[in-house]
Amino acid sequence: MTTDFYKYHALGNDYIVIDPNIVNFNLSEKAIQLICDRNFGIGSDGILYGPIFTGDKIELRIFNPDGSEAEKSGNGIRIFSRYLVDAGYIKTKTFQLTTLGGEVAVEVLNPEATLFKVDMGTVTFESELIPVTGSPRQTVAIDLPVNDLTLKATCLSIGNPHCVIPGSEVSQELAVSLGAKIENHPLFPKRINVQFLQVLDRQNIQIEIWERGAGYTLASGSSSCAAASAAYKLGLVDDRVKVHMPGGEIDIEIVGDRVFMTGGVSAVAQGEFAKDFLSCLNLLID
Ligand SMILES: N[C@@H](CCC[C@H](N)C(=O)O)C(=O)O
């Protein structure tokens, strides 16, 4: 059997790895949508396409299930790092990856390669860099009108854009009812990932997530970095925070404007595309 794809999850946030060094496969928007479809395809919260070797860099491309390309993904980076170790590309404890959202530094924390620490890069609250429309400003506790509510949102970029909304309680219902409206709000020209944040104490936060291009997900690494950074900026938490999500927990450390994320990865499956499925995919490729 040849292996066309690998599937992993990080706290229930599942990704399919497609390695262009193995599969010569043109990933059109429609092909991505079909592969990620939970009824007509394999099903996942996204596709990790790589490694792409350019000079001494290892590039990773990250796709959402709607076919859009994301600049960064925290769980995606840990999953892809696990794949690089599993596939024998990486034999060192530390290495760098290049994403559209910048360079990240990865550390493999255990011999089984199930736990990773990632330097996710720097956070910015500057509206032009996220981006958020309107006059250039720091987007900390800004008004966000949605339906007949005016929410208080803190927006930031850690390579990809996030909008964090603190509240006294969070739930899946809240994320599902407001997520798509906020993702596609006119304030956010590149759309946005949304986190509903409840501060449990100064070292623990709970979040519910609505991901740009993916919808409701059980966990998100960049969302964990964003929610912890927003809570820290608002003075609600310390610089080390455990982020609780429906799928599990991630540890975040904030050092100046840099954010470090520590969390696990689990392998799920590896497999071959069936002939029927390949014919469907071929029809979707130009
Ligand atoms: N699940 C991810 C985030 C994936 C990208 C995101 N949907 C976007 O469009 O920016 C994570 O773990 O960070």
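Residues numbered from 1 in each chain as written. Predicted model: local features only at pLDDT ≥ 70, side-chain atom pairs only at ≥ 80, totals over all residues.

A word on the overall build of the protein chain
Phase 1: Secondary structure assignment for the protein chain yields five helices and 18 strands.
Phase 2: Against the globule reference of 19 Å for 286 residues, the protein chain gives a C-alpha radius of gyration of 18 Å, in line with a compact fold.
Phase 3: Principal-axis analysis of the C-alpha atoms gives the protein chain an extent of 55 × 40 × 35 Å.
Phase 4: Here the protein chain holds 286 residues, and 45% of them are scored as buried. (Helix = DSSP H or I, 4+ residues; strand = E, 2+ residues; numbered from the N terminus. Rg over C-alpha atoms; globule rule 2.2 N^0.38 Å. Buried ≥ 20, exposed ≤ 12 C-beta atoms within 10 Å, placed from the backbone.)

As for the pairing of strand S2 (residues 13-18)
Phase 1: Buried residues dominate S2, accounting for six of its six residues.
Phase 2: Of the two faces of S2, the one lined by Asn 13, Tyr 15 and Val 17 and the one lined by Asp 14, Ile 16 and Ile 18 are each fully buried.
Phase 3: Strand direction decides the pairing type here: strand S1 (residues 5-10) and S2, joined by five bridges, are antiparallel. Bridge assignment links Lys 7 to a residue of S2, and that residue is Ile 16.
Phase 4: In this structure, the hairpin formed by S1 and S2 is closed by a connection of two residues, where Leu 11 is found at a positive phi of approximately 60 degrees.
Phase 5: When S2 meets strand S3 (residues 47-54), the two strands line up parallel, connected through three bridges. In the strand pairing of S3, Val 17 is matched with Leu 48. (Pairing = 2+ DSSP bridges.)

So, the pairing of strand S4 (residues 57-63)
Phase 1: Sheet analysis places S3 next to S4, joined by six bridges and oriented antiparallel. Across the sheet, residue Ile 47 finds its bridge partner in S4, namely Phe 63.
Phase 2: What sits between the antiparallel neighbours S3 and S4 is a turn of two residues, in which Gly 55 has the positive phi angle 60 degrees.
Phase 3: Hairpin connection, S4 to strand S5 (residues 69-70): the antiparallel pair is bridged by five residues, and Gly 67 has positive phi, about 95 degrees.

Some remarks on the nonpolar core
Across soluble globular proteins, you tend to see nonpolar side chains buried next to one another.
Phase 1: Grouped together as the largest cluster of nonpolar side chains are 80 residues, with contacts concentrated most on Val 17, Ile 47, Leu 197, Ala 227 and Ala 228.
Phase 2: In terms of residue count, helix H4 (residues 221-233) provides more of this core than any other element does, seven residues in total.
Phase 3: Split by domain, this core shows at least three residues from each of two domains, domain 1 (5-120 + 266-284) and domain 2 (127-256).
Phase 4: Apart from residues no more than four positions distant in its own chain, Ala 228 is found in contact with Ile 205, Val 237, Val 241, Val 243, Ile 252 and Ile 254. (Core = buried A, V, L, I, M, F, W, Y, C linked by C-beta atoms within 7 Å. Domains from an automatic or database assignment. Contact = placed C-beta atoms within 7 Å.)

So, the domain arrangement of the protein chain
Phase 1: What the domain assignment lists for the protein chain is domain 1 (5-120 + 266-284) and domain 2 (127-256).
Phase 2: Centre-to-centre separation of domain 1 and domain 2, based on C-alpha positions: 24 Å.
Phase 3: On the side of domain 2, 17 residues touch domain 1, which itself brings 22 residues to the contact.
Phase 4: It is helix H2 (residues 74-86) that contributes the most residues to the side of domain 1 that touches domain 2, four residues altogether.

Remarks on the packing of helix H1 (residues 29-36) against helix H5 (residues 275-284)
Phase 1: Interaxial distance between H1 and H5 falls to 8 Å at its minimum, and their mutual angle equals 150 degrees. Of the possible angle classes, the one that applies to H1 and H5 is roughly antiparallel. Remark: the crossing between H1 and H5 carries right-handed chirality. Contact residues: Lys 30, Ala 31 and Leu 34 in H1; Cys 280, Leu 281 and Leu 284 in H5.
Phase 2: Partitioning the contact of H1 with H5 into residue classes produces five nonpolar, no polar and one charged. (Axes fitted to C-alpha atoms, helices over the stretch in contact; angles between N-to-C directions. Parallel < 35°, antiparallel > 145°, perpendicular 65-115°, else oblique. Left-handed = near helix turned anticlockwise from the far one by under 90°. Nonpolar A, V, L, I, M, F, W, Y, C, P; charged D, E, K, R; others polar.)

With respect to the site of the ligand
Phase 1: Every one of the 19 residues lining the ligand counts as a neighbour, but Ala 70, Asn 75, Asn 160, Gly 221 and Ser 222 are closest to it.
Phase 2: Contributions of two or more residues to the shell around the ligand are made by H2 and H4.
Phase 3: A domain split of the shell around the ligand shows at least three residues from each of domain 1 (5-120 + 266-284) and domain 2 (127-256). (Near = placed C-beta within 6 Å.)

Overview of the UniProt feature "binding site: substrate" (unreviewed entry) in the protein chain
Phase 1: In the numbering used here, UniProt assigns the "binding site: substrate" (unreviewed entry) feature to Asn 13, Asn 64, Gly 74, Asn 75, Asn 160, Asn 193, Glu 211, Arg 212, Gly 221 and Ser 222.
Phase 2: Here Asn 64 is to be found in the loop between S4 and S5.
Phase 3: Since 22 C-beta atoms lie within 10 Å of it, Asn 64 is described here as buried.
Phase 4: Here Asn 64 is in contact with Gly 46, Ala 70, Arg 212, Gly 213 and Ala 214, once residues within four sequence places are set aside.
Phase 5: With near-sequence residues (within four places) excluded, Asn 160 lies in contact with Ala 70, Glu 71, Lys 72, Gly 101, Asn 193 and Ser 222. (UniProt positions renumbered as here; feature names shortened; annotations may be inferred.)

Re the packing of H2 against H4
Phase 1: Look at H2 against H4: their axes get within 4 Å of each other, and the N-to-C directions meet at 135 degrees. In terms of their interaxial angle, H2 and H4 are classed as oblique. Two secondary-structure elements touch here, H2 through Gly 74, Asn 75, Ile 77 and Arg 78 and H4 through Gly 221, Ser 222, Ser 224 and Cys 225.
Phase 2: Its residues placed into classes, the contact of H2 with H4 shows two nonpolar, five polar and one charged.

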